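Here is what each chain is made of, one letter per residue.
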Amino acid sequence: MNRQALDDLKQQIPLMGYLQAHDWQPARPLSRGRWMGLCPLHEDRQPSFLVDPNQDLFYCYGCGRGGDVIRFAELYHQVKFPQAVEWLRQWRGAEPLLHEVARFYRVQFHRHSKAVAYLYQRGIRSPALIEHMQIGYAPGGCLRGWLTQLGHSLPILRQAGLVTDVGYDAYVRRIVFPLEGNLYGRSLSAAAPPHRFLPGAKGGLYSWKQAQSYPEVILVEGLFDYAVLWQAGFYNVTCSLGTHLNARQFRQLCDGPRTVYLAFDADRNGSGQQAAQDLSRRLRERGLTARLVSLPEGHDPNSFFVQGGDARQFQSLLEAALP
Ligand SMILES: [Zn+2]
């Protein structure tokens, strides 16, 4: 990549926007439009990370590191320069494409009664929730045609994982939830693997910006768990998309003092509960309060509500949750 292409890349990804997309928050304004905040590169207790949005540069007075958006990506993702550039190029290209795809799937959702019926069966009824989660439906067999018509090339669609190697839509008969930099697809058909993601990271905690401000948050494994809780009025809910939190999700959960209620599946083999206990210990080590929510055996929050549980009963489970 030549000098000009690198400059273009940097110009298209303003440092401040990139930082904020990775949950960095400006804490204190300085002169000339500059900001201080906590350093995302080291354990920072007092804001020592300076950002100059006009020059697209950062510097940390704590760990002494600084530079442009590429340098930040190198340090933050712990990769070398060429990978950081590649990472940023993909980030620049993937976001608008995924937005377009999510919008297309939202339109499809309202055209397919099967999709609406499936959500109903999983306890999702509220139009406000469907809007909030931007739920869509991938019927299969129509995304590729639509995107190529819009001028997206087949190799790009393959690379994004939206189209298979042989040229078919990757998501077929799936309820689709847009994530940060990815799309989760839940199959309606029992014959297909139930959960699918596009290649790449699953992103941070789901809807973290909304949950973050609460002193108590509920963490669940799956988006259908998230959905029923949100619908029941628990807006302090977030989801890790599986019992294993990636480094970013763990960092988010620890970004302030709070109580975390872990409402993982009470599966009969105990794997959800084991994962919840491990996580609870790690959270306590970081000074947070963690509580294990005990659901009736064989249940997850989704099935709890689908089988008649209500907000008051779930609230009692929260109150009874033990460290
Ligand atoms: Zn630092």
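Predicted model, so just to flag it, every value in this text is computed and none were measured.

### Regarding the coordination of the zinc ion
Within the protein, the zinc ion binds to Cys39 (SG), His42 (ND1), Cys60 (SG) and Cys63 (SG); these donor distances fall in the range 2.1 to 2.3 Å. Taken together, the four donor atoms surrounding the zinc ion define angles of 95 to 123° at the centre, an arrangement classified as tetrahedral. Summarised as a motif, the one-chain spacing of the donors to the zinc ion is C-x2-H-x17-C-x2-C. With a gap of 18 residues between them, His42 in the loop between β2 (35-37) and β3 (49-52) and Cys60 in strand β4 (residues 57-60) connect regions that are remote in the sequence. Cys60 sits in the buried class, given a relative accessible area of 0%.

### Some points on the packing of aromatic side chains
Counted by the stated rule, this structure contains 19 aromatic pairs. When the centroid spacing of 5.4 Å and the interplanar angle of 85° are considered together, the rings of Phe177 and Phe224 count as edge-to-face. Taken as a pair, Phe177 in strand β7 (residues 174-179) and Phe224 in helix α10 (residues 223-231) lie far apart in primary sequence, 47 residues in all. For the pair formed by Phe177 and Phe224, the shared burial category is buried. Ring centres of Phe304 and Phe314 lie 6.0 Å apart, and the angle between their planes is 65°; this geometry places the pair in the edge-to-face category.

### Examining the sheet that holds strand β13 (residues 289-292)
The sheet built from four strands is open, its strands ordered β11-β10-β12-β13 with parallel pairing. Sheet topology places β11 (237-239) and β13 at the edges, where each strand pairs with a single neighbour. Strand-to-strand, the axes of this sheet are offset by a mean angle of 25°, without reference to chain direction. In the packing of α10 onto the sheet, the strands contacted are β10 (216-220) and β11, and the crossing angle to β11 comes to about 170°.

### Considerations on the pattern of salt bridges
Tallied over the full model, the rule gives eight salt bridges. Note that Asp7 and Arg3 form a salt bridge whose closest N and O atoms lie 3.5 Å from each other. With Asp7 and Arg3 both in helix α1 (residues 3-12), this residue pair falls four residues apart, about one helical turn. When its relative accessible area of 32% is taken as the criterion, Asp7 is described as partly exposed. Classification of Arg3 by relative accessible area gives exposed; the value is 55%. Linking Glu180 and Arg248 is a salt bridge whose minimum nitrogen-to-oxygen distance equals 2.8 Å. Taken together, the residues span a long stretch of sequence, with Glu180 in the loop between β7 and β8 (182-187) and Arg248 in helix α11 (residues 247-253) at a distance of 68 residues.

Procedures and definitions
- Residues numbered from 1 in each chain as written.
- Predicted model: local features only at pLDDT ≥ 70, side-chain atom pairs only at ≥ 80, totals over all residues.
- Heavy atoms only, no water.
- Donors = N, O, S within 2.8 Å, 3.2 Å for Na, K, Ca; no water.
- Tetrahedral: all angles 85-135°; square planar, octahedral: opposite > 155°, others 65-115°.
- Helix = DSSP H or I, 4+ residues; strand = E, 2+ residues; numbered from the N terminus.
- Buried < 20%, exposed > 50% of the residue type's maximum accessible area, 1.4 Å probe, protein only.
- Phe/Tyr/Trp six-rings, centres within 6.5 Å; stacked < 30°, edge-to-face > 60°.
- Pairing = 2+ DSSP bridges.
- Axes fitted to C-alpha atoms, helices over the stretch in contact; angles between N-to-C directions.
- Contact = heavy atoms within 4.5 Å.
- Salt bridge = Lys/Arg side-chain N within 4 Å of Asp/Glu carboxyl O.

Function cannot be inferred from these measures alone, as they are strictly geometric.
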